[in-house]
Amino acid sequence: MSRVLNAFDALVRRGVGRNTLRVPARGLETHDGDGALRKCVKDSAETVVIGGGCVGVSLAYHLAKAGQKDVVLLEKSELTAGSTWHAAGLTTYYHPGINLKKIHYYSIKLFEQLEAETGQAVGFHQPGSIRIASTPVRVDELKYQMTRTHWHPTPQFLIEPEKIQQLFPLLNMNKVLAGLYNPGDGHIDPYSLTMSLAAGARMYGAQIYPHTPVTGLTHTADGRWDVHTPQGTIRANRIVNATGFWARELGQMIGFQHPTVPVHHQYVVTATVPEVKALGTELPVIRDLEGSYYLRQERDGLLFGPYESEEKMVLQDSWIRDGVPPGFGKELFESDLDRIMDHVEMAMEMVPVLKNADIINIVSGPITYTPDLLPMIGPHQGAHNYWTAIGFGYGIIHSGGVGKFLSDWIMSGEPPYDLIECDPNRYGNWTTVPYTCAKARESYGFNNVVGFPKEERFAGRPTSRVSGVFELLKDKCSMGFHAGWEQPHYFHKPGDDIGYKPSFRRTNWFGPVGRECKLVMEGVGVIDLSPFGKFMVKGDDSHRLLDRLFANTLPKVGQTNISHMLTPRGRVYAEVTVTQITPGEFLLITGSGSELHDLRWIEREVYDGDYRVSVCNVTDEIGVLGVAGPKSRAVLQKLSDEDMSDAGFRFLQCRSLQLAGVPVRAIRISYTGELGWELYMDMRNMRSVYQALMEAGQNEDIDDFGTYAMNSLRLEKGFRAWGAEMNCDTNPFEAGLDYFIKLNKPADFVGKQALLEIKAQGLRRRLAFLTLNTDDIDPEGNETVWHNGQVVGNTTSGSYSFTAHQSLAFAYLPLHLIVEGQQLEVELLGQRYPATVAKEPLVLTEPSRTRQQRKSQT
């Protein structure tokens with residue numbers, strides 16, 4: 001403690017006080033090259049981008065470069081005002097996600113050539129970066145990330161301490177065990193970057209209006225927008241909210257409460273450090289994961305920025321309540337060195353030359369956080385032609401890639417690749433201000449927490465989204481979080497090792513999940529499926545609408561099928577369970593994570609096609625229980641007068657019935673692949689139905705099971721999952737969904753022409769089913785697949801099959817390797833495990849077993 005106090009005293013003696021740092025403005029932006037300000041905005045535009053930070057300007061640049069005419073950007077103050085101008089400017093290829101790596105990769109490649117294109121310097125430095133692992137768990141984390149990166153073009157290497165010291169000779173190596181090295185990483189001047197993008201945007205025809213605040217937004221009858229400013233009104237075909245920490249205020253103009261909140265982020269800049277100046281080359285950026293800070297060279301000194309714990313970090317939550325102060329744009333907060341002294345001490349220990357460095361600046365500025373730290377990118381459900389590019393905690397490195405991603409989407413009508421983790425529609429009415437603030441605190445404090453698979457974060461939970469059986473289940477299971485819902489992952493029994501204990505290897509959930517799989521395979525289990533997204537579609541044009549949206553034929557009344565919504569390029573936008581309840585009335589069921597993502601797609605088609613239908617989101621009103629296992633029929637029959645026999649209630653049939661006196665819509669279907677039903681009911685009746693099931697099934701040893709067991713069971717049955725085996729990166733043929741695609745149906749469904757072309761051209765890769773020989777580790781998905789020392793593909797999901805006693809995975813592979821018995825390797829935590837291409841499914845589904853049994857009896 002004395003070292004911390006002494007360090008603090010030394011900093012104060014060097015003149016580092018608590019005064020607000022104010023950086024002078026760098027001059028007014030102008031609309032054209034001669035410096036003249038225009039008095040009026042133009043009357044109309046194809047796209048109006050609102051917000052002149054690096055993200056908004058990047059989007060204007062990319063749209064204009066792609067050939068869109070009439071691109072307009074409005075900025076209430078000066079370009080870069082808000083968060084861009086004071087950012088530390090870090091750039092990195094690294095991201096723990098999958099497709100966000102593409103965003104980072106594109107940004108760096110753009111930054112490398114932008115100066116040559118626009119003639120304006122960007123101040124881009126590429127000394128590389130190293131993530132420092134100083135504990136064995138951190139080494140595992142680096143290996144885990146390498147496993148998920150080898151099949152990407154991202155340059156990334158796991159390096160030993162000797163190489164780390166060679167690259168960064170000023171490090172104290174006492175605790176350094178390994179590093180994750182990304183050559184090409186570095187930092188860029190945010191102001192110069194934005195000005196270069198703006199120059200490019202103007203060069204390609206975009207118009208930029210600084211000092212033009214948006215004062216109002218009006219949605220017109222034809223789906224366009226009137227954008228009101230003091231300089232006039234622009235009629236726009238679409239608007240994009242790219243307003244940084246003003247995003248919430250702009251959203252409120254049209255009735256949205258975007259879950260964004262500004263946080264205080266501080267970084268420290270030193271004067272010249274002699275040891276740094278003496279080096280011949282620029283030091284790589286380091287990220288001390290245990291110390292939770294980044295450090296880079298700034299001229300001949302150093303710059304380092306910490307991420308404090310959630311208890312110490314500061315939210316500017318008053319801006320949510322009162323709005324951003326008028327005129328705030330290129331101002332900063334008062335610095336608070338006390339808050340970061342723990343990190344200062346750790347940085348001094350890791351980089352000892354800091355101990356004698358004079359600190360000349362402490363920058364404390366606002367950056368915007370969403371609850372999960374990821375930005376909100378794309379069209380927003382509930383407002384036609386309203387798009388968002390907001391919530392960027394790392395706006396500099398995201399700017400180039402997001403500008404390109406959104407530009408491609410706007411120009412082509414579909415996302416260029418899957419990025420659902422950044423979909424603005426992952427949030428809903430359950431995302432309250434207290435929840436947003438609690439999660440932003442947690443996310444900021446967890447910036448450098450170990451990134452385990454199956455990670456759970458507990459701040460702000462539960463939300464208002466709890467099912468009718470939540471209170472009955474919460475104390476006997478480990479809950480997972482899905483789109484605001486609490487849903488059991490697995491259940492624990494007396495004697496089990498309970499609690500959240502994440503690991504890169506099998507951990508305390510492994511035994512309970514095996515027990516639950518055995519329950520469903522041999523007896524009967526009940527699972528809470530309430531987080532499903534649920535829509536009712538009806539009206540004169542319901543058949544025509546759904547025939548246009550889905551590649552499968554529509555089910556008959558009282559029947560259910562699995563259908564897919566495709567993009568115009570023939571990619572899988574969604575997988576939906578479709579049931580025709582009465583003539584022209586349909587129940588659509590989708591996954592919890594894609595509820596509003598899918599609803600927006602449906603609503604857009606309704607709007608564009610002028611269909612006479614109503615689409616009602618009933619997700620929160622309807623509870624769902626899944627009952628599965630060979631004894632499920634016997635339990636249900638005790639509670640209903642309906643004939644539940646195989647002949648009386650066929651597979652994929654839907655029927656309204658009474659269970660224990662409660663009205664229920666029952667569909668004979670189960671994602672476990674076993675005999676089972678999904679029971680849909682009023683959420684208020686869910687508790688009584690659950691209790692009736694558990695009482696009726698006592699002789700059958702009925703019990704609960706969770707989503708971990710369901711995932712294992714669906715994998716061994718060969719069932720695909722949207723978001724893993726299929727998404728906007730895959731077409732249905734390579735995903736093995738041929739059975740559900742009806743190219744010969746009369747309707748011209750979305751993506752049909754693209755699929756005909758894909759089929760004619762043939763496939764280059766296809767989904768394969770793998771078995772693995774592992775030890776205490778199982779695949780999760782997104783691991784690298786090797787053959788003869790070469791990367792040949794990637795897994796999409798994986799688990800352990802408790803039925804077959806084998807690790808399993810789906811993987812995309814080139815066609816020549818998809819031969820039963822083909823030997824491969826799957827990389828897990830730095831080790832390549834033997835894998836074999838197997839015939840799927842490993843375990844037959846209950847309907848298939850029943851059919852086989854009937855054939856054998858004839």
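Please read these numbers as outputs of a predicted model, since none were measured by experiment. (Residues numbered from 1 in each chain as written. Predicted model: local features only at pLDDT ≥ 70, side-chain atom pairs only at ≥ 80, totals over all residues. Heavy atoms only, no water.)

Thoughts on the nonpolar core
Generally speaking, soluble globular proteins have nonpolar side chains that are buried together. Judged by nonpolar contacts, the single largest core of 47 residues is most densely connected at Ile-377, Phe-405, Leu-406 and Leu-419. Residue assignment for this core shows that the elements contributing at least two residues are α2 (54-65), β2 (71-74), α3 (100-118), α6 (190-203), β19 (386-390) and α11 (395-412). At eight residues, α2 tops the list of elements feeding residues into this core. Val-635, Met-686, Val-689 and Leu-693 belong to the second-largest nonpolar core, a separate cluster that totals 34 residues. (Core = buried A, V, L, I, M, F, W, Y, C linked by side-chain atoms within 4.5 Å. Buried < 20%, exposed > 50% of the residue type's maximum accessible area, 1.4 Å probe, protein only. Helix = DSSP H or I, 4+ residues; strand = E, 2+ residues; numbered from the N terminus.)

Focus: the pairing of strand β1 (residues 44-50)
Counting buried positions over the seven residues of β1 gives five, a clear majority of the element. One ladder, built from six bridges, connects β1 with strand β12 (residues 232-241); its direction is parallel. Along β12, the bridge assignment pairs Ile-50 with Asn-241. Inspection of the sheet shows β1 paired to β2 by four bridges, in the parallel sense. (Pairing = 2+ DSSP bridges.)

Looking at the sheet that holds strand β17 (residues 359-369)
On the basis of which strands lie adjacent, the open sheet formed by eight strands has the order β6-β7-β5-β14-β15-β16-β13-β17 and mixed pairing. Looking at strand neighbours, the two that pair on one side only are β6 (157-159) and β17, the edges of this open sheet. When the angles between neighbouring strand axes are averaged without regard to direction, this sheet yields 25°. Where strand β13 (residues 261-270) lies against strand β16 (residues 301-306), two bridges are found, and the strand directions are antiparallel. By the bridge assignment for β16, Val-268 is matched with Phe-304. Sheet strands in contact with helix α12 (residues 433-445) are β13, β16 and β17, and its direction is about 25° off that of β13. (Axes fitted to C-alpha atoms, helices over the stretch in contact; angles between N-to-C directions. Contact = heavy atoms within 4.5 Å.)

As for the packing of aromatic side chains
To describe a pair of aromatic rings, one takes the distance between the centres and the angle between the planes. According to the stated counting rule, one finds 35 aromatic pairs in the structure shown. Between Trp-509 and Tyr-708, the aromatic rings sit 5.5 Å apart at their centres with planes inclined by 70°, giving edge-to-face as the arrangement. Linking Trp-509 in the loop between β21 (485-491) and α14 (510-522) with Tyr-708 in helix α19 (residues 707-716), this pair joins segments that are 199 residues apart in sequence. The exposure class of Trp-509 is buried, given its relative accessible area of 17%. Looking at Tyr-708, the relative accessible area reads 14%, which means it is buried. Connected via pairs of aromatic rings, a cluster forms that spans Tyr-490, Trp-509, Phe-510, Tyr-708, Tyr-800 and Phe-802. The lysine or arginine in question, Lys-454, covers the ring of Tyr-708, its NZ or CZ lying 5.2 Å from the ring centre. Positioned above the aromatic ring of Tyr-812 is the side chain of Arg-765, whose terminal nitrogen or guanidinium carbon lies 4.0 Å from the ring centre. (Phe/Tyr/Trp six-rings, centres within 6.5 Å; stacked < 30°, edge-to-face > 60°. Lys NZ or Arg CZ within 6 Å of the ring centre and 35° of its normal.)

A look at α3
Residues that lie three or four places apart on an α-helix share one face, since the helix turns once every 3.6 residues. With 19 residues, α3 extends 26 Å between its outermost C-alpha atoms, agreeing within 8% with the 27 Å of an ideal straight helix rising 1.5 Å per residue. When the local axis directions of α3 are compared, the greatest deviation, roughly 40°, occurs at Glu-112. Downstream of α3 by one or two residues, Gly-119 has phi in the positive range, about 80°. (Expected span 1.5 Å × (residues − 1). Bend = angle between axes of the 7 residues up to and from the residue.)

Some remarks on the packing of helix α17 (residues 632-639) against helix α18 (residues 686-696)
Their axes nearest at 9 Å, the elements α17 and α18 cross at an angle of 115°. Classified by chirality, the crossing of α18 by α17 is right-handed. Here α17 contributes Val-635, Leu-636, Lys-638 and Leu-639 to the contact with α18, which in turn contributes Ala-692, Leu-693 and Ala-696. Class assignment for the residues of the contact of α17 with α18 results in six nonpolar, no polar and one charged. (Left-handed = near helix turned anticlockwise from the far one by under 90°. Nonpolar A, V, L, I, M, F, W, Y, C, P; charged D, E, K, R; others polar.)

A few points about α14
In this model α14 runs 19 Å from its N-terminal to its C-terminal C-alpha over 13 residues, within 8% of the 18 Å that 1.5 Å per residue would give. Within the span of α14, buried status applies to Phe-510, Pro-512, Val-513, Gly-514, Glu-516, Cys-517, Leu-519, Val-520 and Met-521. Among the structural elements, β21, β22 (525-528), β28 (622-628), β32 (703-704), α19 and β35 (790-801) are those in contact with the buried residues of α14.

Quick look at unusual backbone geometry
Between Arg-461 and Pro-462 the backbone carries a cis peptide bond, its omega angle lying at -5°. With respect to the secondary-structure elements, Pro-462 resides in the loop between α12 and α13 (470-473). A cis amide bond links Glu-840 to the next residue, Pro-841, at an omega of -5°. In this fold, Pro-841 is placed in the loop between β38 (831-838) and α21 (846-857). One non-glycine residue, Leu-373, lies in the positive phi region at around 80°. For Asp-701, which is not glycine, the phi torsion reads 60° and is therefore positive. Position of Asp-701 among the secondary structure elements: in the loop between α18 and β32.

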